[in-house]
Amino acid sequence: MIALIAGRGALPLEICNRLSERPLVCAMAGSEPDTLDPEITFRLEQLGSFLARLTSAGVTEICLAGGVSRPAIDPAAIDAETLPMVPVLQAALGAGDDGALRAIMELFESAGFAVRAAHDVAPDLLMQPGVPTRIQPGELDKADAARGTEIVAAMSAADIGQSCAVRARQAVAVETVFGTDWMLETLIRRPDGQGGVMVKAPKTGQDRRADLPTIGPATVEKAAAAGLSGIVLEAGGVIVLEQEAVIATCDRLGLFLWLRDAA
């Protein structure tokens, strides 16, 4: 049996819709999903008790999906089952996103659970390499895509984001803790006019079982509003939600979507 620890956004619901049997939907307090009703809500201070409850329910696998916020730990709320985990939890909350997720997944594994990626549970969340849109990238777009891939790789070392916008081989925006949508919104009143591409890819060496970058139709809308010409994704490394709608939105707004093989 699989438990889905669901956060915000469309991904948890899309996973449930693609599974033959509904998973046990769980959520961390303060980061409840906006598209699903969880059967279990837990506090991080009671993580040990929560994992014991999953074991009793027959859960053997855990999938993490959706956005979560870092909670503030209340020392008075920590229960006895979670107390041995406190050093790991404290280190995780002080680490970057990837480091934090690795630490949490190690706790799950040490409790006897297999941690499965969203795209492992639902493989068709990933699209095949190629350009499925009517608009195709030009030579300048290809140069910007290559430059964007270099920039995202450099960002990986600091664990600060998974996407950037590039025009004429120059970075015009980079993703920060506020996410891709915020990055695109900062470009709406850009001083350099139109053009350029958004490049999105996993961080170099990241554990792909959680926090794999994701886009959906709303991403395309925001990229168009930002004046970009297209979206470049690392093939096999970015989840595409509502894939038919994403392609249709690109075609309607005149953007290309390029699933580019990893460099």
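In case you missed it, the structure is sitting above this.
Residues numbered from 1 in each chain as written. Predicted model: local features only at pLDDT ≥ 70, side-chain atom pairs only at ≥ 80, totals over all residues. Heavy atoms only, no water.

Visitor: So what's going on with the overall build of the protein chain? Residues and values would help.
Guide: Helices and strands together make up the secondary structure of the protein chain, namely 9 helices and 12 strands. Its C-alpha atoms give the protein chain a radius of gyration of 19 Å, near enough to 18 Å, the size a compact globule of 263 residues would have. Across its three principal directions, the C-alpha atoms of the protein chain cover 60 × 40 × 30 Å. Within the span of the protein chain, comprising 263 residues, buried residues form 49% of the whole. For the protein chain, contacts bridging at least 24 residues in sequence account for 70% of all contacts bridging at least 6. Carbon and sulfur atoms form 54% of the exposed surface of the protein chain, whose accessible area is close to 12000 Å². The distance from the centre of the 22 positive side-chain charges to the centre of the 34 negative ones in the protein chain is 6 Å. (Helix = DSSP H or I, 4+ residues; strand = E, 2+ residues; numbered from the N terminus. Rg over C-alpha atoms; globule rule 2.2 N^0.38 Å. Buried < 20%, exposed > 50% of the residue type's maximum accessible area, 1.4 Å probe, protein only. Contact = heavy atoms within 4.5 Å. Areas by Shrake-Rupley, 256 points an atom, 1.4 Å probe, with all protein chains shown as cover. Lys, Arg positive; Asp, Glu negative; His and termini not counted. Charge placed at Lys NZ, Arg CZ, Asp CG, Glu CD.)

Visitor: Which residues make up the packing of aromatic side chains, and what values go with them?
Guide: Inspection of every chain in the model, using the stated rule, returns 2 aromatic pairs. Arranged with centres 3.9 Å apart and planes meeting at 10 degrees, the rings of F42 and F50 form a pair that is stacked. Comparing F42 with F50, the two get one shared label, buried. With 5.0 Å between their ring centres and 45 degrees between their planes, F178 and W182 make a pair best called tilted. (Phe/Tyr/Trp six-rings, centres within 6.5 Å; stacked < 30°, edge-to-face > 60°.)

Visitor: Quick rundown of the nonpolar core? Include the residues and the values.
Guide: Judged by nonpolar contacts, the single largest core of 28 residues is most densely connected at L47, F50, L51, L54 and F108. For this core, the secondary-structure elements that each account for two or more residues are β1 (2-6), β2 (24-28), β3 (40-42), α2 (47-56), β4 (61-65), α3 (86-93) and α4 (97-110). Looking at this core, the element that brings in the most residues is α4, giving 7 residues. If we skip the residues at most four places from it in the chain, L54 touches A3, L24, C26, I40, V59, I62 and F113. (Core = buried A, V, L, I, M, F, W, Y, C linked by side-chain atoms within 4.5 Å.)

Visitor: So what's going on with helix α6 (residues 139-158)? Residues and values would help.
Guide: Helix length check: α6, at 20 residues, gives a terminal C-alpha distance of 30 Å against a target of 28 Å (1.5 Å per residue), a fit within 8%. D141, D144, A145, G148, I151, V152, M155 and S156 are the residues of α6 that are buried. Mapping the buried residues of α6 onto a view down its axis gives an arc of 150 degrees, with all of them on the same face. Facing away from the buried side of α6 by over 90 degrees, the exposed positions are E139, A154 and A157. Buried residues in α6 make contact with β6 (163-167), β7 (170-174), β8 (197-200), β10 (230-234) and β12 (256-260). (Expected span 1.5 Å × (residues − 1). Arc of directions from axis to C-beta.)

Visitor: So what's going on with the environment of L83? Which residues, and what values?
Guide: Assignment of secondary structure puts L83 in the loop between β4 and α3. L83 sits in the exposed class, given a relative accessible area of 55%. In this structure the C-alpha to C-alpha distance between L83 and E61, which are 22 residues apart in sequence, comes to 23 Å.

Visitor: Tell me about empty space enclosed by the protein, residues and numbers included.
Guide: For the coordinates displayed, the defined rule picks out 1 cavity of 30 Å³ or more. When its volume is computed, the largest cavity comes out at roughly 60 Å³. Looking at the largest cavity, the residues that line it are T149, V199, K200, A201, V232, L233, E234, R260, D261, A262 and A263. For the lining of the largest cavity, the secondary-structure elements that each account for two or more residues are β8 and β10. Each residue belonging to the lining of the largest cavity can be placed in one class, and the counts come to 6 nonpolar, 1 polar and 4 charged. (1 Å grid on protein atoms, 1.4 Å probe; cavity = no way out; pocket = protein on both sides within 12 Å on 5 of 7 lines; lining within 4 Å. Points joined across faces, edges and corners; volume = space filled by probe spheres on them. Nonpolar A, V, L, I, M, F, W, Y, C, P; charged D, E, K, R; others polar.)

Visitor: Please set out unusual backbone geometry residue by residue, giving values where relevant.
Guide: Even without glycine at this site, A168 takes up a positive phi of about 55 degrees. Structurally, the position occupied by A168 is in the loop between β6 and β7. You will see that R169, though not glycine, has its phi angle at about 65 degrees, which is positive. In this structure, R169 sits in the loop between β6 and β7.

Visitor: Tell me about the sheet that holds β8, and name the residues and values.
Guide: One open sheet accounts for 5 strands, arranged β7-β6-β8-β10-β12; its pairing is mixed. Looking at which strands have only one partner, the edges of the open sheet turn out to be β7 and β12. Each adjacent strand pair in this sheet contributes to an overall mean axis angle of 25 degrees, direction not counted. Relative to β12, β10 runs parallel, the two being bridged by 5 bridges. (Pairing = 2+ DSSP bridges. Axes fitted to C-alpha atoms, helices over the stretch in contact; angles between N-to-C directions.)

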